[in-house]
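Survey of secondary and tertiary structure
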Amino acid sequence: MSAARDDILGGIRRALWRGSLPPDKTAELTGRIAAHRRNLVPARAAALDPAARADLFVAMAEEVQTSVARVASDADIPAEVARYLAAENLPAELVVAPDPGLDAIPWELRPLLQIHRGRAEAQDAVSLTPCLAGIAETGTLMLASGAGTPTTLNFLPDTHIVVLHAGQIVASYEDGWDLLRARASPTPAPPPRAGEGGSPQSGDRVGALPRTVNLITGPSRTGDIEQRIQLGAHGPRRLHIVLVDDAPPAKG
Amino acid sequence: MQPTSHSFPANARAGLADPVLQTALGLARTGFPQRRQEAIARLPEFEELRDEGRAIKDHVLAYLDFYLERYEQNVTASGGRVHWARNAEEARAAILDICRAANATIVTKGKSMVAEEIALNDHLEANGITPVETDLGEYIIQLRHEPPSHIIAPAIHLMKEQVADAFRAAHTELDPARTLTDPRALCDEARTVLRPRFLAADVGITGANFLVAETGSSIIVTNEGNGDLTQILPRVHIVITGIEKIVPTLEDAATLLRLLARSATGQEFSSYTTLSTGPRRAGDLDGPEEYHVVLLDNGRSALLGGEFQDMLRCLRCAACLNHCPVYAAVGGHAYGWVYPGPMGAVLTPALVGVHEAGHLPNASTFCGRCESVCPVKIPLPKIMRHWREREFAQRLSPPVYRTGLRLWAWVARQPPLYHALAGIASRVLGWAGLYRGRFRSLPLAQGWTAVRDLPAPQGRSFHSLWAEQQRRIGKSPRAQS
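How each quantity is defined
- Residues numbered from 1 in each chain as written.
- Chains lettered and ligands numbered in written order.
- Predicted model: local features only at pLDDT ≥ 70, side-chain atom pairs only at ≥ 80, totals over all residues.
- Helix = DSSP H or I, 4+ residues; strand = E, 2+ residues; numbered from the N terminus.
- Contact = placed C-beta atoms within 7 Å.
- Buried ≥ 20, exposed ≤ 12 C-beta atoms within 10 Å, placed from the backbone.
- Nonpolar A, V, L, I, M, F, W, Y, C, P; charged D, E, K, R; others polar.
- Pairing = 2+ DSSP bridges.
- pLDDT = per-residue confidence, 0-100.
- Axes fitted to C-alpha atoms, helices over the stretch in contact; angles between N-to-C directions.
- Parallel < 35°, antiparallel > 145°, perpendicular 65-115°, else oblique.
- Left-handed = near helix turned anticlockwise from the far one by under 90°.
- Expected span 1.5 Å × (residues − 1).
- Core = buried A, V, L, I, M, F, W, Y, C linked by C-beta atoms within 7 Å.
- Domains from an automatic or database assignment.

1. A short note on the overall build of chain A
Looking only at helices and strands, chain A has seven helices and twelve strands in total. Pairs at least 24 apart in sequence give 75% of the contacts found in chain A among residues at least 6 apart.

2. Some details on the overall build of chain B
Secondary structure assignment for chain B yields 23 helices and twelve strands. Judged by the C-alpha coordinates and their principal axes, chain B covers about 85 × 60 × 45 Å. Out of the 481 residues belonging to chain B, those deemed buried represent 51%. Of all intrachain contacts in chain B linking residues separated by at least 6 positions in sequence, the fraction that spans at least 24 positions is 74%.

3. Side note on the interface of chain B and chain A
Contacts between the two partners involve 81 residues from chain B, matched on the other side by 66 residues from chain A. The element best represented in the side of chain B that touches chain A is helix H10 (residues 183–200) of chain B, accounting for seven residues. Among the residues forming the side of chain B that touches chain A, the class breakdown is 37 nonpolar, 23 polar and 21 charged. Where strand S9 (residues 212–216) of chain A lies against strand S9 (residues 272–276) of chain B, five bridges are found, and the strand directions are antiparallel. Residue pairing across strands places Thr212 of chain A opposite Ser276 of chain B, the latter belonging to S9 of chain B.

4. Brief notes about the confidence of the model for chain A
Overall, the predicted model of chain A reaches an average pLDDT of 90, with 88% of residues at or above 70. In this model, residues 199–206 of chain A is a region of pLDDT below 50 whose contacts with residues beyond four sequence positions or in other chains number 19 contacts.

5. Focus on the packing of helix H7 (residues 173–184) of chain A against helix H12 (residues 250–264) of chain B
Running from N to C, H7 of chain A and H12 of chain B cross one another at 150 degrees; their axes reach a closest spacing of 10 Å. Classified by the angle between their axes, H7 of chain A and H12 of chain B sit roughly antiparallel to one another. Crossing of H7 of chain A against H12 of chain B: the hand is right-handed. Listed contacts from H12 of chain B to Tyr173, Glu174 and Trp177 of chain A of H7 of chain A are Leu250, Glu251, Ala254 and Leu257 of chain B. Of the residues contributing to the contact of H7 of chain A with H12 of chain B, the split by class is five nonpolar, no polar and two charged.

6. Some thoughts on the sheet that holds S9 of chain B
Pairing within the open sheet is mixed, and its eight strands lie in the order S8(A)-S5(A)-S6(A)-S9(A)-S9(B)-S6(B)-S5(B)-S8(B). Since the sheet does not close on itself, it has two edges, and those belong to strand S8 (169–170) of chain A together with strand S8 (246–247) of chain B, each with one partner. As paired strands, strand S6 (residues 140–144) of chain A and S9 of chain A are joined by four bridges and run antiparallel to one another. By the bridge assignment, Ala144 of chain A is partnered in S9 of chain A with Val213 of chain A. Taken strand by strand, H7 of chain A contacts strand S5 (133–135), S6, S8 and S9 of chain A, and its axis lies near 160 degrees from that of S5 of chain A. Sitting on the sheet, H12 of chain B touches strand S5 (210–212), strand S6 (217–222), S8 and S9 of chain B, and the angle it makes with S5 of chain B is about 165 degrees.

7. Structural notes on the confidence of the model for chain B
Put simply, chain B has an average pLDDT of 94, and 99% of its residues get 70 or more. This complex was scored by the predictor with a pTM of 0.92 and an ipTM of 0.92.

8. Some details on helix H5 (residues 88–101) of chain B
Residues and elements named next belong to chain B. With 14 residues, H5 should cover 20 Å at 1.5 Å per step; its first-to-last C-alpha distance of 20 Å lies within 8% of that length. Within H5 the residues assigned to the buried category are Glu90, Ala91, Arg92, Ala94, Ile95, Ile98 and Cys99. Residue Asn103 follows H5 closely and has a positive phi angle near 50 degrees.

9. A short note on the environment of Lys111 of chain B
Residues and elements named next belong to chain B. Positionally, Lys111 belongs in the loop between strand S2 (106–109) and helix H6 (113–117). Once the C-alpha coordinates of Lys111 and Asn87 are considered, the two residues, 24 residues apart in sequence, prove to be 20 Å apart. Beyond its immediate stretch of four places on either side in the chain, Lys111 contacts Asp135, Glu138, Pro154 and Gly207.

10. Observations concerning unusual backbone geometry
In this structure, His36 of chain A takes a positive phi of about 30 degrees despite not being glycine. Counting through the fold element by element, His36 of chain A comes out in the loop between helix H2 (23–35) and helix H3 (43–46). The residue Arg395 of chain B is not glycine, and still its phi comes out positive at about 55 degrees. Within the secondary structure, Arg395 of chain B sits in the loop between helix H18 (380–393) and helix H19 (399–412).

11. A few points about the environment of Ala425 of chain B
With respect to the element layout, Ala425 of chain B can be found in helix H20 (residues 415–432). The spacing of Ala425 of chain B and Gly459 of chain B is 34 residues in sequence and 8.4 Å in space, taken between C-alpha atoms.

12. Topic: the nonpolar core
Residue and element names in this part refer to chain B. By size, the foremost hydrophobic cluster in this structure holds 186 residues, and its most contacted members are Leu64, Ile240 and Val294. Among the elements that take part in this core, H12 stands out by supplying nine residues, more than any other. Ignoring anything within four residues of it in the chain, the contact list for Val294 reads His83, Ala85, Ala91, Ala94, Ile95, Ile238, Val239 and Ile240.

13. Side note on the domain arrangement of chain B
The assigned domain composition of chain B is domain 1 (43–301) and domain 2 (413–480). On a C-alpha basis, the centroid separation for the pair domain 1 of chain B and domain 2 of chain B is 53 Å.

14. Some thoughts on the sheet that holds strand S4 (residues 126–129) of chain A
Residue and element names in this part refer to chain A. In space, the six strands of this open sheet follow the order S1-S12-S7-S4-S2-S3, with parallel pairing throughout. The open sheet is flanked by strand S1 (67–71) and strand S3 (114–117), the only strands paired with a single partner. The mean inter-strand angle of the sheet, taken between neighbouring strand axes irrespective of direction, is 25 degrees. Direction of pairing for S4 relative to strand S7 (residues 159–165): parallel, over a ladder of four bridges. Bridging across to S7, Leu128 finds its partner in Ile161. Against the sheet, helix H5 (residues 77–87) makes contact with S1, S4, S7 and strand S12 (238–244), and its axis sits at roughly 150 degrees relative to S1, the strand it touches most.

15. Some points on the pairing of S6 of chain A
All names here are of chain A. Most of S6 sits inside the fold, with five of its five residues counted as buried. A two-sided burial pattern is seen for S6, the buried positions comprising Thr140, Met142 and Ala144 on one face and Leu141 and Leu143 on the other. Bridge count for S5 against S6 is three bridges, and the pairing is antiparallel. Each residue of the ladder has a partner; that of Gly134, found in S6, is Leu141. Taking the residues that link successive antiparallel strands as the turn, the S5-S6 hairpin has four residues, and the phi of Gly139 there is positive, at about 65 degrees.

16. A closer look at the packing of helix H1 (residues 2–15) of chain A against helix H4 (residues 64–77) of chain B
Taken N-terminus to C-terminus, the directions of H1 of chain A and H4 of chain B make an angle of 155 degrees; their axes are 9 Å apart at the nearest point. The pairing of H1 of chain A with H4 of chain B is recorded here as roughly antiparallel in orientation. Counted together, Leu9, Ile12 and Arg13 of chain A of H1 of chain A and Leu64, Asp65 and Leu68 of chain B of H4 of chain B form the full contact between these two elements. Among the residues making up the contact of H1 of chain A with H4 of chain B, the classes are represented as four nonpolar, no polar and two charged.

In structure tokens form, the structure reads like this:
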């Protein structure tokens, strides 16, 4: 295969009428990657204060059939989950991400909710996960895989419930990338808060992204038959966000 | 897939005569352009983003060797492996080797145009491995044993009745008396049938919309979530994609992602944008144990540095298909290979040869809508013209056509003769067409009038009108030209 590699790279250089790049050019391009300068970021969400940003996030999310319930604190999460499942006529049984950040949720307040923690299996109908951020410009959730945040939870169950804290709502995808880079960086991260899933693992290479980063904008859908949109093609039919309006966490 | 682009005229006639296709295309003609228009109207920066998107891709193409090497380093550092394939055969072999090493019997697939380009499914089947397409549209056409007719909506040529027929024929284990009259029921049935296959698959194969050099990540954009189930459930994840999909950084990917969904489906953002970096990490409870990327050249590097390089910016969004009057009339199968519409008319001659696909760049009205909606401003009509020049230079066009063109070229180089002949022709035709204003048939122009009317000229040539106007305002017409 290395013959193929040499042929392809050699073919590229021949087509571009040059040999390997000189060291100064390589250094310049390496610098471009290291700087990862932002291109134009739409103004839509950039100039908003945190409250308006949260409102934009909710409006954009609801536009794509995500449902959002706003609660005052982590202590309200069990009641909201129980209410949502009852309203949707779903069984009061869910698989919860084994993320330490979710340990603070007082599930004992709703003893009728059957909770187990782990990755999702075929029979799991409802999951609940934390997320890394909400991105206001398109009502998008950012979730990162990790020991406490298996990706199957985001796709296998019919219903996916996500805990998002208002302080996690950022303006743009670029803000989301910065959060990913901060997680992956060697500088020690602050201890996780409830709902801030995917804490860095010792197995991660310094600077490496998690195995999977999901940007999720609404439930699964397809328009493949006569271009009529159907929800729940293969992923979740329902995406529900419990937005906790508590004080924003200190962000670097 | 064996190209049939050489029989485009016959394919196109069949498409025009197909009532199901015409109904289905009617839905697409209005739906996609309208949704795109609404989406870009909400983003005032869209035009600027197009310029930035074009600049990012041009930058990558100028240093493609550097970015590919940097990307490979980062894939390797995160525990994945890159396989380089010069052509379709090498890509198929690399994928088969990985599947065999994993003792795979069932392989799930996310939608990948590059997998279509290398005819991967046929190869896997021939070697005893069952490929299962999981994108709803791809699944439908796999059941019908036909190629995709659109690069983002593979079954766009079908109505729900054809889908129901395909499902009844394939899902014989289900109750034959079940109702399959609406898209909801069809969608649910596909979900039910495919779920166990997702869980049983040994290997999952996806394409990539972008490869990020900075992080060694591949990015896929989907709405169904099938691409995600395809890559997180099996033990092995293989990405098959073209070498031109590289972007330098996550920021560059963000710019292109803002263009992609709006141009493709008119969504603000697709439901799922997924970044995959290497295999599962120590401590992870799910995710693939192996991560492979097969990088396909297949004629792409040869397009660099010349008049076809701009095509390598293509994001495969399908906006050019959705806005093309020719595609909308004849459908995707007429183009006879994997890539239809304007982008196919430019790419297919490059990948399968102008001798096979010379008709495609000729199947254009040059109306320019494709270029005007392209998110990275590929000058598609201009590149089609380059292919026509190549076709002519290689003597591939029919002798009558070539003789006609040569004759015309000779006359056009003799202005007095040209003006005299054009003047006579427009006077005669103008007079003959006075009554109807158009011709239903005309000697020497049957190729045109067999399928449409020819508008009658007004009786004066442009040159004579121009000369007259210049005289009126007191200028010499020669001095202006």
